[in-house]
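The primary structure of each chain is shown beneath.
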Amino acid sequence: MTIVWCSNYEELSRKAAAIIASQIIIKPTSTIGFATGSTPIGLYANLVKKYQNKEISFANVKAFNLDEYITGSREVGWSFSSFMQTHLFSHVDIPEENTDIPNGVAEDLEVECARYSEALSEVPGGLDYQILGIGTNGHIGFVEPNEFYPLDTHIVDLAESSIIGQRPFFEDWSKIPTRALTVGIRPIMHAKQLLLIASGPEKSEILQKALFGVVTSKVPASILQLHKNLTVVADKEALADILANNPECSL
Ligand code: GLP
């Protein structure tokens, strides 16, 4: 595990974008797993800038997403599909046919879960990079705390803390979906490299538990400790508990 300590969110976003941009430059046909939520917004803004400066092209990049709400329509402004268009895909040259995300309005959600798991399993050698945020309850994607680790794409009832965590994206909180489709841990752990990003004091306790606590499905992100290529890019607020509890992690 490599931990990149950043002074603030701006530096975190810049350094995380440099990692993903390097991957795209080294391998223009990279398959990348993208995350949603507030944390990656700065990363995506930096990637857009790099594209606009002609430093990178997404023309041959393939994109998957971790999750999608079970919604009334894909076009609603708060779907993760809309989020990715707003913050990245509509600003760069990624062909629409190169992007895939679970369809939260599929007629048969179980069939859609199987389709998406199949699509991920067909990526030769696994995703080149999986970008991850972390929920305050330790969820990755929407793999929520549970008695076991789900391996493949599945329907999930969102935890209360996850529903609360969506509030910044909704004017009317009653509209926040309570169910979603999410990948399981198989494509995450099969990815060649993982980039976990975290910002702010509200992530400090869970980051300590996830990265230095017991590996348990009750803290889903803790399984990331077992991945051989995990890079964590976080700001000092999110790293406060780790720095306080692990003297070997001195700066
Ligand atoms: C969201 C997403 C996760 C994300 C997490 C943290 O709901 N399903 O992929 O990592 O919750 O989001 P944020 O970055 O806004 O704290």
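The structure we're discussing is the one just above.
Predicted, not measured: the structure shown is a model, and the values here were computed from it.

### A word on the pattern of salt bridges
A pair can form between side chains of opposite charge whenever their charged atoms are brought close.
No. 1: Following the criterion strictly, the structure yields 12 salt bridges and no others.
No. 2: Close ionic contact of Arg186 with Asp152 constitutes a salt bridge, the shortest N to O distance being 2.7 Å. Of this pair, Arg186 sits in helix α6 (residues 185-190) while Asp152 sits in the loop between β6 (129-132) and β7 (154-157), and the two are 34 residues apart along the sequence.
No. 3: The network of salt bridges with shared partners includes Lys27, Asp128 and Lys192.

### What about the packing of aromatic side chains?
No. 1: Under the criterion given, the structure shown has 10 aromatic pairs.
No. 2: Look at Phe34 and Phe89: their rings are 5.7 Å apart centre to centre, the planes differ by 90 degrees, and that puts the pair in the edge-to-face class. Note that Phe34 is positioned in strand β2 (residues 31-34) and Phe89 in the loop between α3 (80-87) and β5 (99-100), a separation of 55 residues in sequence. Each member of the pair Phe34 and Phe89 is classed as buried.

Cut-offs and rules
Residues numbered from 1 in each chain as written. Predicted model: local features only at pLDDT ≥ 70, side-chain atom pairs only at ≥ 80, totals over all residues. Heavy atoms only, no water. Salt bridge = Lys/Arg side-chain N within 4 Å of Asp/Glu carboxyl O. Helix = DSSP H or I, 4+ residues; strand = E, 2+ residues; numbered from the N terminus. Phe/Tyr/Trp six-rings, centres within 6.5 Å; stacked < 30°, edge-to-face > 60°. Buried < 20%, exposed > 50% of the residue type's maximum accessible area, 1.4 Å probe, protein only.

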